[in-house]
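Observations on the model geometry
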Amino acid sequence: MSQKKYLLWLPIVAAICLVTGLWLGRALDYESREGTSRHKLKQIFDIIEDNYVDAVNMDSLVELTLPELLRNLDPHSAYIPTSQRIIANRDLEGSFFGIGIQFQMLNDTLHIFEVINGAAAESAGILPGDKIIEVDGHRISGVNISEEEVFKLIRGNKGTPVEVKVLRHNNPELITFNLIRGEVPVSPIDASYIINDSIGYIRLGKFSENTYDEFLTTLGQLRYDGAKSYIVDLRGNGGGYMNPAVLLANEFLPAGNLIVMTKGRSSDNNTVLLADGSGSFGNAKIVVLTDEFTASASEIFAGAIQDNDRGLVIGRRTFGKGLVQRPFELPDSSEFRLTVQRYYTPSGRCIQKNYTPGKNADYDTEILNRYDRGELFSADSLKVDSSLIFHTSTGRLVYGGGGIIPDVFVPSDTTGITSYYIKAVNSGTLRKFAYEYAELNRDELSEARDVNDMLGRLPSDNVLLQSFVNYANVKAGIAPRWYYINISARLIVNQIKALIARDIVGMDGYFQIINSADPVVNEAVSRIESGDAEFPLFDNKQSNQSNDEQR
């Protein structure tokens with residue numbers, strides 16, 4: 001039967017699914033429910049199977065129906081077919097089995113830019129900058145292979161062998177490595193380093209199984225290196241598991257402070273989670289960075305810090321996802337994630353933004369609407385729901401109704417973005433130039449003690465810019481347009497330096513350079529140094545002044 005015929009029947013089946021409620025969460029015992037909507041659904045499927053003019057693949061029809069059923073509940077309940085379940089859960093797992101490399105595909109070739117400590121590749125002597133040409137006899141260079149296909153070749157079961165052939169910049173012959181796949185930790189920490197001797201910066205990418213352990217270890221290392229204050233960067237962090245966010249907040253909050261509440265349809269789904277006072281960083285200054293892509297578990301952490309007046313939230317309004325999903329595994333190993341709770345910040349806010357069941361297109365474009373009305377660029381464009389007013393522990397006003405509004409607004413930085421810069425980035429030319437420069441100068445740059453030493457080995461900004469412009473013209477056909485190039489000059493040069501640092505030093509070096517020109521990070525540093533991030537942030541006499549700034 002054709003896909004078109006499936007789709008013709010889909011609205012009929014979907015309409016019936018609306019009436020069935022949460023039939024999937026039960027035992028699917030249709031026969032014991034005579035006369036109910038659940039039995040009606042079974043009857044419809046039986047009638048289609050027995051009487052439809054063409055033979056119907058009922059399994060395929062069900063697969064088409066399930067996403068439609070859940071789509072009409074809320075935007076975050078979802079069905080995940082068996083074929084996609086492993087991929088969907090991969091990002092939240094604490095590890096996988098492979099050889100332990102991070103790579104990018106450039107010019108149809110796999111380039112290694114980081115080798116994970118303790119994994120098979122590092123133990124065997126594979127280095128950043130190496131290019132993998134073959135895997136188990138399969139050539140992967142110059143054959144237009146996808147990254148997903150590369151993953152399938154490199155990853156595998158624990159203890160299984162894999163042979164890779166590598167091209168190294170200072171060796172004309174391929175080097176063969178016979179490796180044994182092992183467990184490779186997936187770090188949720190994108191970067192960490194010390195700013196100005198006493199401020200520790202941590203960029204947290206997701207809330208996964210190992211987030212708490214990794215985060216606590218990183219905090220400890222930063223404190224050992226001299227950090228007394230901390231910037232936790234949650235920009236772009238779409239969330240993940242709730243429990244690590246609660247544990248992280250507990251590290252900073254005094255005993256008895258409320259972290260988060262959850263409420264469901266039944267009292268069994270209602271929880272109140274308090275800090276137990278066992279945290280090791282209760283006296284440290286903390287600033288949390290957020291943007292419009294900070295969501296879910298990230299909002300739990302940011303909300304706990306803000307509502308307890310424990311630290312400052314700086315940046316832009318968060319996404320607004322206050323719905324909690326529970327996974328249900330089905331007999332065929334597929335899964336559906338059902339919204340079972342809403343979570344509430346300590347002040348009582350549910351920061352879930354508005355949605356209409358079944359109209360997910362409007363929900364999906366809400367971020368674009370923020371852009372169109374100028375919210376990302378001006379605090380005055382932010383519309384708050386004055387009917388949903390709440391108070392922090394010291395009496396400051398905060399608002400519900402969709403996302404967490406930062407204490408200090410910093411607009412999206414568009415300085416230096418021109419048509420020339422956009423073309424250079426979107427074509428991949430900026431990235432290719434940086435990699436090729438790092439490759440040609442790898443021996444010298446790799447001798448650098450740290451990021452500053454590496455930067456000192458690069459040519460002047462003018463020379464680096466001119467080299468890139470010539471490269472972009474010759475290799476990518478991007479004509480020099482100096483009016484726009486001069487506007488974008490600082491941005492282009494900073495991006496090149498950061499990308500070179502990523503290939504030579506790693507992701508810490510990349511963010512160290514990128515953040516040096518980041519107005520949100522610079523605002524956080526300024527607020528810490530001025531004492532604005534002291535705990536508690538405000539007393540009741542100061543709350544009115546704080547509210548004016550927040551708005």
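This text goes with the structure placed above it.
The text that follows walks through the structure, step by step, so that each part is easy to find. Just so it is clear, the model here is predicted, and its values are computed rather than measured.

In terms of regular secondary structure, the protein chain is built from 20 helices and 21 strands. For the protein chain, the residues scored as buried account for 49% of the 551 residues in total. In the protein chain, 69% of the contacts between residues at least 6 apart in sequence involve partners at least 24 apart.

Its place among the elements puts Asp130 in the loop between helix H5 (120-124) and strand S5 (131-135). Within the structure, the side chain of Asp130 is placed 2.8 Å from the backbone nitrogen of Leu127, a separation counted as a polar contact.

The next point concerns the sheet that holds strand S11 (residues 199-204). The six strands are arranged S10-S11-S12-S15-S16-S21 in an open sheet whose pairing can be described as mixed. Both edges of this open sheet fall to strand S10 (189-195) and strand S21 (408-409), since each of them pairs with a single strand only. Where strand S15 (residues 285-290) meets strand S16 (residues 312-315), four bridges bridge the pair, whose relative direction is parallel. Considered in S16, the bridge of Val288 is made with Val313.

So, on to the pairing of S10. Burial runs high along S10: five of the seven residues are buried. With six bridges joining them, S10 and S11 adopt antiparallel strand pairing. Residue pairing across strands places Ile189 opposite Leu204, the latter belonging to S11. What sits between the antiparallel neighbours S10 and S11 is a turn of three residues, in which Asn196 has the positive phi angle 50°.

Taken as a whole and judged by the stated rule, the model has 28 salt bridges. Close ionic contact of Glu534 with Lys285 constitutes a salt bridge, the shortest N to O distance being 3.2 Å. Taken together, the residues Glu534 in the loop between helix H19 (519-529) and helix H20 (543-550) and Lys285 in strand S15 connect sequence positions 249 residues apart. Exposure remark for Glu534: the relative accessible area of 38% places this residue in the partly exposed category. Residue Lys475 is joined to Glu436 by a salt bridge in which the shortest nitrogen-to-oxygen separation is 3.9 Å. Remark: Glu436 occurs in helix H13 (residues 429-440) and Lys475 occurs in helix H16 (residues 461-476); sequence separation between them is 39 residues. The class for Glu436 is partly exposed, based on a relative accessible area of 27%. Among the charged side chains, a salt-bridge network with shared partners connects Arg317, Lys353, Glu366, Arg370, Arg373 and Glu375.

The axis of helix H17 (residues 482-504) is deflected most strongly, by about 60°, at Ser488. After H17 finishes, the residue Gly506 shows a positive phi value of roughly 120°.

With that out of the way, let us pick up the nonpolar core. In this structure, Ile231, Ile314, Met454, Phe468 and Ile500 are the most contacted members of the largest nonpolar core, which totals 53 residues. Residue contributions to this core peak at ten residues, all from H17. In this structure Ile500 touches Ala434, Tyr437, Ala438, Leu445, Met454 and Leu458, once residues within four positions along its chain are discounted. Residues Phe215, Phe281, Ala284 and Ile286 belong to the second largest nonpolar core, which totals 35 residues.

Criteria and thresholds
- Residues numbered from 1 in each chain as written.
- Predicted model: local features only at pLDDT ≥ 70, side-chain atom pairs only at ≥ 80, totals over all residues.
- Heavy atoms only, no water.
- Helix = DSSP H or I, 4+ residues; strand = E, 2+ residues; numbered from the N terminus.
- Buried < 20%, exposed > 50% of the residue type's maximum accessible area, 1.4 Å probe, protein only.
- Contact = heavy atoms within 4.5 Å.
- Polar contact = N/O pair within 3.5 Å; in protein donor to acceptor, adjacent residues only side chain to side chain.
- Pairing = 2+ DSSP bridges.
- Salt bridge = Lys/Arg side-chain N within 4 Å of Asp/Glu carboxyl O.
- Bend = angle between axes of the 7 residues up to and from the residue.
- Core = buried A, V, L, I, M, F, W, Y, C linked by side-chain atoms within 4.5 Å.

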